[in-house]
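What follows is each chain in one-letter form.
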Amino acid sequence: MKRLANYSQYFLRSPRLIKELIGHSTLKSNDTVYDIGAGSGVISSVLADRVKKVVAIEFEPRMAAKLRENMEEFPNVSVHQGDFLTMELPKTPYKIFANIPFHLSSPIVHKITEAANPPEATYLIVQKQFANKLLPSSDYFTGQLGMMIAPEFATRVRKRLQRTDFWPHPNVDTVLLEMIHRPEPLIPSAKMPAYRQFIIDCFSDPKVFARMPQQSIRLPVGTKPSQMKLAQWVALFEAQNHYK
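Keep in mind that this is a model prediction, so the values were computed, not measured.

Draft legend 1. Focus on the sheet that holds strand β3 (residues 53–58). Read from one edge of the open sheet, 7 strands run β4-β3-β2-β5-β6-β9-β7, paired in mixed fashion. Pairing within the sheet leaves two strands with one partner each, and these edge strands are β4 (77–81) and β7 (153–161). The mean angle between the axes of side-by-side strands here comes to 20°, regardless of whether they run parallel or antiparallel. On the sheet, helix α1 (residues 15–23) packs against β5 (95–99), β6 (121–127), β7 and β9 (174–181) and is oriented at approximately 150° with respect to β7.

Right under this line is the structure:
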């Protein structure tokens, strides 16, 4: 089936590669795993042999029909046509492994990380540039979203992919990104909405960031929000009073 450009679809070509990528994950035989943007079901079919249950989600109607046809031989795969961003997530434990539409990476990560019951582990194939912004220990500048999620999720790149791993070939470099839900968050869950707003305000308005008690955490003069590490953000949040 041809790619639909409007849905930012780049399909992985090799089931063997998908097996290798799953080998870099924490997926276990008793897991329930969501495949977002499942396409024709290449990832879902490999997952079906490795985990207890697969929920394959596809938005585009024509592709969803093909997905249902392809998944008929896998009794542990259920197909859902619809928008993941508006779906209700499960209340029971689950994980995610997906090759998501690149242009929806940010809203998908927002939904996953702000869910009442977030996945225990998430594996997303995303643009390398997007992934770098989510890594608290990155040598690159860290983005706003990365610091919003870091107290609750440990993130790292598990594997770099080649452009030839996809069809059609994307014009960007891609990686397999891992997000593990921390068993003990660095900030209590009840305070996370306030922390997320704190991060948004500090990144969005230099005056707000300048008013924060930076000296109390010995932040070097002239440090920009994008240059701060996770421990500094947690300390600064705990030192200020406005977002308590």
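Draft legend 2. Just the packing of aromatic side chains, in detail. Counting across every chain of the model gives 9 aromatic pairs. One aromatic cluster is present, formed by Tyr195, Phe198, Phe203, Phe209, Trp233, Phe237 and Tyr243 through successive ring pairs. The ring of Phe84 has Lys111 lying over it, and the distance from NZ or CZ to the ring centre is 5.8 Å.

Draft legend 3. Just the pattern of salt bridges, in detail. Per the counting criterion, the structure on display carries 7 salt bridges. A salt bridge links Lys66 to Glu69; the nearest nitrogen and oxygen atoms lie 4.0 Å apart. Note that Lys66 and Glu69 are positioned in helix α3 (residues 61–70) at a spacing of 3 residues, about one turn of the helix. With a relative accessible area of 29%, Lys66 lands in the partly exposed category. Linking Arg163 and Asp173 is a salt bridge whose minimum nitrogen-to-oxygen distance equals 3.2 Å. Taken together, the positions of Arg163 in the loop between β7 and β8 (166–167) and Asp173 in the loop between β8 and β9 put the pair 10 residues apart, joining distant regions of the chain. Its relative accessible area of 37% is what places Arg163 among the partly exposed residues. Take Asp173: its relative accessible area is 38%, and that puts it in the partly exposed class. Here the residues in one salt-bridge network are Arg156, Arg158 and Glu178, joined through shared partners.

Draft legend 4. Representation of the side chain of Lys95 in the model. Mapped onto the elements, Lys95 comes out in strand β5. Given the relative accessible area of 6%, Lys95 is considered buried. Side chain to side chain, Lys95 and Asp31 meet in a polar contact 3.0 Å long. Those residues within four positions of Lys95 in sequence are excluded, and the remaining contacts are Thr26, Leu27, Lys28, Asp31, Thr32, Val33, Tyr34, Pro119, Glu120 and Ala121.

Draft legend 5. Region of interest: the environment of Trp233. Tracing the backbone through its elements, the reader meets Trp233 in helix α9 (residues 230–239). Between the alpha carbons of Trp233 and Lys207 there is a distance of 17 Å; along the sequence they are 26 residues apart. Not counting chain neighbours up to four residues away, the residues in contact with Trp233 comprise Met147, Tyr195, Phe198, Ile199, Cys202, Phe203, Phe209, Pro225 and Met228.

Draft legend 6. Region of the structure containing the nonpolar core. Leu12, Leu21, Leu47, Phe97 and Leu161 are the most contacted members of the largest nonpolar core, which has 29 residues in total. Those elements giving two or more residues to this core turn out to be α1, α2 (42–48), β3, β4 and β6. If we ignore the near neighbours within four places in the chain, the residues touching Leu47 are Ile22, Leu27, Val33, Asp35, Val54 and Phe97. One finds Tyr94, Ile108, Leu124 and Leu177 within the second-largest nonpolar core, a separate group that totals 27 residues.

The rules behind each value
- Residues numbered from 1 in each chain as written.
- Predicted model: local features only at pLDDT ≥ 70, side-chain atom pairs only at ≥ 80, totals over all residues.
- Heavy atoms only, no water.
- Pairing = 2+ DSSP bridges.
- Helix = DSSP H or I, 4+ residues; strand = E, 2+ residues; numbered from the N terminus.
- Axes fitted to C-alpha atoms, helices over the stretch in contact; angles between N-to-C directions.
- Contact = heavy atoms within 4.5 Å.
- Phe/Tyr/Trp six-rings, centres within 6.5 Å; stacked < 30°, edge-to-face > 60°.
- Lys NZ or Arg CZ within 6 Å of the ring centre and 35° of its normal.
- Salt bridge = Lys/Arg side-chain N within 4 Å of Asp/Glu carboxyl O.
- Buried < 20%, exposed > 50% of the residue type's maximum accessible area, 1.4 Å probe, protein only.
- Polar contact = N/O pair within 3.5 Å; in protein donor to acceptor, adjacent residues only side chain to side chain.
- Core = buried A, V, L, I, M, F, W, Y, C linked by side-chain atoms within 4.5 Å.

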